[in-house]
Amino acid sequence: MENNTSRRDFLVNGLLATAAATATGCGNNPFAPEETVALSGEKVKLLSVDGEIIEIDKAFLKPVPHMPPLTNSEERKGIEGKKFVMVIDLARCKNLKKCQEACNHAHSLNPGQNWIKVLSMQEAEESAPFWQPTTCMHCDEPPCVKVCPVDATFKRQDGLVLIDSDRCIGCRFCMAACPYSTRVFNWEEPILEEAVAAQPYSCETSMPQKIGTVSKCDFCPDMARMGELPHCVTSCPNGVFMFGDMNEDSVTNGAETFRFSELIKDKAGYRLMEDLGTKPSVYYLPPVSRNFPYESGLENLSPADKQSH
Amino acid sequence: MIWTYSLILICLIGAFAYYRQLSKGLAVTNMGDYVSWGIYISNFVFFVAISLVGSLITAIFRLSNMKWATPLTRIAEIIAVSAIVFASLIIIIDMGRPDRMLNLFLHGRIQSPIMWDVIVISTYFVISLLLLYLPLLPDLKIMIKFKERSSNILNKLYLFQGSFWRGTAEQFKISERAITILCITIIPVAFSIHTVTSWLFATTYRPGWDSTNFGAYFISGAFLVGAGGVVVAMFVFRKFYKLEKYITEMHFEKMGRIVVMLSLLYLYFNINEYLVPAFKMKSGEEAHLKGLFSGEFALIFWFAILIGMIIPILILVFKKGRKPLPMFIAGIMIVIGAWFKRYLIVTPTLLHPFLPMQDAPAEFHHYFPSWEEWAIAMGTLAGTLLVITFFARIYPIIPIQESITEQDETCMSLPPTKRHE
């Protein structure tokens, strides 16, 4: 007995010591004290644990990731209990393209890459033209997921269709399969800041983008985990985008919140290309009683589209 | 010599272009977010189509006891093997991340049509290679026997590949059995490779691709372009290796009739493919069809139809047209028409997406391949021809043993007065 206990003790203590050593030794532990810090001279005022205001040199501050990193399987599984849905009110859109700006900036997209395209649409010859912001539909029967040969694009339990840029082989079958033309390809090396490029890829932020892989709107699951709305929703001054959870039956554009089922019923919400059977998660409210005339959006057309308009 | 050196030059330019593509990414091509598949993919379809000829002439003809086609089997088989190898190469060239190719095997999804293509093409390659090798064994023995006719290196190669073949009745029995089994299995595999390739398009919603006709349409086109390719090869080998005694006018006559039949069959499928949607003119398909018939693609479309099908039919329907030289011309027309036809299958559809092409760079609104794309595409075509050329210089392009056996059999079946040495 004595022998067994002492051997067990030795092993347990040894493992603990090794674990402690590696934990403090690795650079990953943000709470381990640094050996040497070059003082910058700049002071920052902080509130200490005791409630006192203290001044610390800025060099001592280290960025701590605001959330723990998720494993690839967790990213592929999704947020439990949610079924994300987007409602886009076409009566409010004026082609400001603030959504596009915010999305492109937040995801460090290259010039020319737009995950949100604000399209000038006209159903029939005699019907009136309108502006239609188009994101990824995050279909419930996604044709892109069906055809991917390596499971680089996948559907999660929270309804989102995401892309694993570490696995994508760049065959572009998903781009051929998507009827909404929503996917964008990295034909050349993405232009990224060093800090962004150095991070490991996360399916939830879709960053950093990699050359030779495909990308698209991801409904900003990283924002959802923090309890915030996607960048397009918050950046639209006209409240065009409403984002929410079908399980909670609510969508919001930040300022107003609606019961999703009632909104769709009252305003006759519909989905794009319903007859294809893709079952998109984006609903559109028809452009009735519009806030702005269609012409007010013409000035904001991209140069290429101005020519062909 | 000029032939070989120009092919090597084209391959080298292609290799340089590919080096540029590897360093800068696919941006060196003129593909964009709308035309995300370009001439690499249409070249891929073209290669898979041509490689079906192996199953046609080697397997189908052999199983139907069409013995006159025996001298043509090796030509057909090397075209098949070479084409399917370059089909795989051009697909790898088209990938955005060829460095991640192993993901196809580590994380492969069996639900994806691309996986089906990988499986059936690999299978077809193995069977075709065996159908090239097994009938070659008796010929290797003959080459070894006449070792003074070949260089030392070639003799070593022949010994390495075929010294175990002694030509005993036992070995012939096993070989015949194996070849028959391979011939039977290659037919469904051949049908699979081109059907699955057609499904890369038909499993999408796009106008021009969303067709139930695609499997049969592609296969009939494949047999046609393969037969056309064999006719061209027949003429060239016959002329340059002076094989008039083995590839006779009878062979051209018979192949001519077969090519006419295949052209008519392909024409029939084309009529189905274009006339029926044109009758309905669904709004999604209207822009696409009008673009082909009278719009930006009209020139290529009618060129492909006329040069690839109609004129060859008109040439080959007459007996005078089934002589070697007119058939050679018809064969070239069929192959070139077929290449443009494959281009028409891939690009026009992608330029007519469901939603308008807006909020994208202006270059994405049209597509003409860049010099790198042309260089690489032509490089793979040159590579295919180079493999066939080198093969014909190393191995006998006409199956010697099988021709001898067949001549004997034909001889013995004639009455004694009609037999001759």
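Keep in mind the model is a prediction, meaning the values are calculated, not measured.

Draft legend 1. Up close: the overall build of chain B. From N to C terminus, chain B includes 16 helices and 0 strands. Computed over C-alpha atoms, the radius of gyration of chain B comes to 23 Å, within 12% of the 22 Å expected from 2.2 N^0.38 for 421 residues, which places it in the range of a compact globule. Reported as C-alpha extents along the three principal axes, the dimensions of chain B are approximately 75 × 50 × 45 Å. When each of the 421 residues of chain B is scored for burial, the buried share is 44%. Relative to all contacts within chain B whose residues are 6 or more apart in sequence, the contacts with residues 24 or more apart total 84%.

Draft legend 2. Fine view of helix H3 (residues 53-63) of chain B. For H3 of chain B, the buried fraction is high: 9 of the 11 residues fall into the buried class. Positive backbone phi, at 60 degrees, marks Asn65 of chain B, one or two positions downstream of H3 of chain B.

Draft legend 3. Quick look at the environment of Thr347 of chain B. Residues and elements named next belong to chain B. With respect to the element layout, Thr347 can be found in helix H14 (residues 324-350). Counting along the chain gives 305 residues from Thr347 to Ser42, while the straight-line C-alpha distance between them is 8.4 Å. If sequence neighbours within four positions are ignored, Thr347 has contacts with Val35, Gly38 and Tyr367.

Draft legend 4. Geometry of the pairing of strand S10 (residues 241-245) of chain A. Residue and element names in this part refer to chain A. Buried residues dominate S10, accounting for 4 of its 5 residues. As judged from the 3 bridges shared by S10 and strand S11 (residues 250-252), these two strands associate in the antiparallel manner. Within S11, the residue paired with Asp245 across the bridge is Ser250. Taking the residues that link successive antiparallel strands as the turn, the S10-S11 hairpin has 4 residues, and the phi of Asp249 there is positive, at about 55 degrees.

Draft legend 5. Local environment of the interface of chain A and chain B. The partner chain B presents 36 residues to the 40 residues of chain A that form the contact. Per-class residue counts for the side of chain A that touches chain B are 23 nonpolar, 9 polar and 8 charged.

Draft legend 6. Fine view of the domain arrangement of chain A. The domains assigned to chain A are domain 1 (26-64) and domain 2 (72-308). Once you take the C-alpha centre of each, domain 1 of chain A and domain 2 of chain A turn out to be 39 Å apart.

Draft legend 7. Quick peek at the sheet that holds S10 of chain A. All names here are of chain A. Here 5 strands make up an open sheet; going across it, the order is S12-S11-S10-S3-S13 and the pairing mixed. The two strands at the open ends of the sheet, each matched to only one other strand, are strand S12 (257-259) and strand S13 (282-285). Pairwise comparison of adjacent strand axes, ignoring direction, gives a mean angle of 25 degrees for this sheet. Judged from the 3 bridges that link them, S11 and S12 form a sheet pairing that is antiparallel. Bridging across to S12, Val251 finds its partner in Phe258.

Draft legend 8. Geometry of the packing of helix H2 (residues 39-51) of chain B against H14 of chain B. Residue and element names in this part refer to chain B. In the contact formed by H2 and H14, the axes pass within 8 Å of each other and the chain directions differ by 130 degrees. With respect to each other, H2 and H14 are oriented oblique. Pair H2 / H14 crosses with right-handed handedness. In this structure, H2 uses Ile39, Ile41, Ser42, Val45, Phe46 and Ala49 to contact H14, whose residues at the interface are Ala338, Trp339, Arg342, Tyr343, Ile345 and Val346. Classifying every residue of the contact of H2 with H14 by side-chain character gives 10 nonpolar, 1 polar and 1 charged.

Draft legend 9. Layout of the nonpolar core. All names here are of chain B. Judged by nonpolar contacts, the single largest core of 174 residues is most densely connected at Ile79, Ala227 and Val230. Counting residues per element, this core draws most heavily on helix H10 (residues 214-240), at 15 residues. Once you skip the residues sitting within four places of it in the chain, Ala227 turns out to touch Val53, Leu56, Met255, Ile258, Val259 and Leu262.

Draft legend 10. Up close: helix H3 (residues 98-106) of chain A. Residues and elements named next belong to chain A. Along H3, the residues classified as buried are Cys99, Gln100 and Cys103. Considered in projection along H3, the buried side chains sweep an arc of 95 degrees and stay on one side of the axis. In this structure, the buried residues of H3 make contact with strand S4 (117-121), strand S5 (130-134), helix H8 (231-235) and S10. Among the residues trailing H3, Ser108 stands out with phi positive, at a value near 50 degrees.

Rules and cut-offs
- Residues numbered from 1 in each chain as written.
- Chains lettered and ligands numbered in written order.
- Predicted model: local features only at pLDDT ≥ 70, side-chain atom pairs only at ≥ 80, totals over all residues.
- Helix = DSSP H or I, 4+ residues; strand = E, 2+ residues; numbered from the N terminus.
- Rg over C-alpha atoms; globule rule 2.2 N^0.38 Å.
- Buried ≥ 20, exposed ≤ 12 C-beta atoms within 10 Å, placed from the backbone.
- Contact = placed C-beta atoms within 7 Å.
- Pairing = 2+ DSSP bridges.
- Nonpolar A, V, L, I, M, F, W, Y, C, P; charged D, E, K, R; others polar.
- Domains from an automatic or database assignment.
- Axes fitted to C-alpha atoms, helices over the stretch in contact; angles between N-to-C directions.
- Parallel < 35°, antiparallel > 145°, perpendicular 65-115°, else oblique.
- Left-handed = near helix turned anticlockwise from the far one by under 90°.
- Core = buried A, V, L, I, M, F, W, Y, C linked by C-beta atoms within 7 Å.
- Arc of directions from axis to C-beta.

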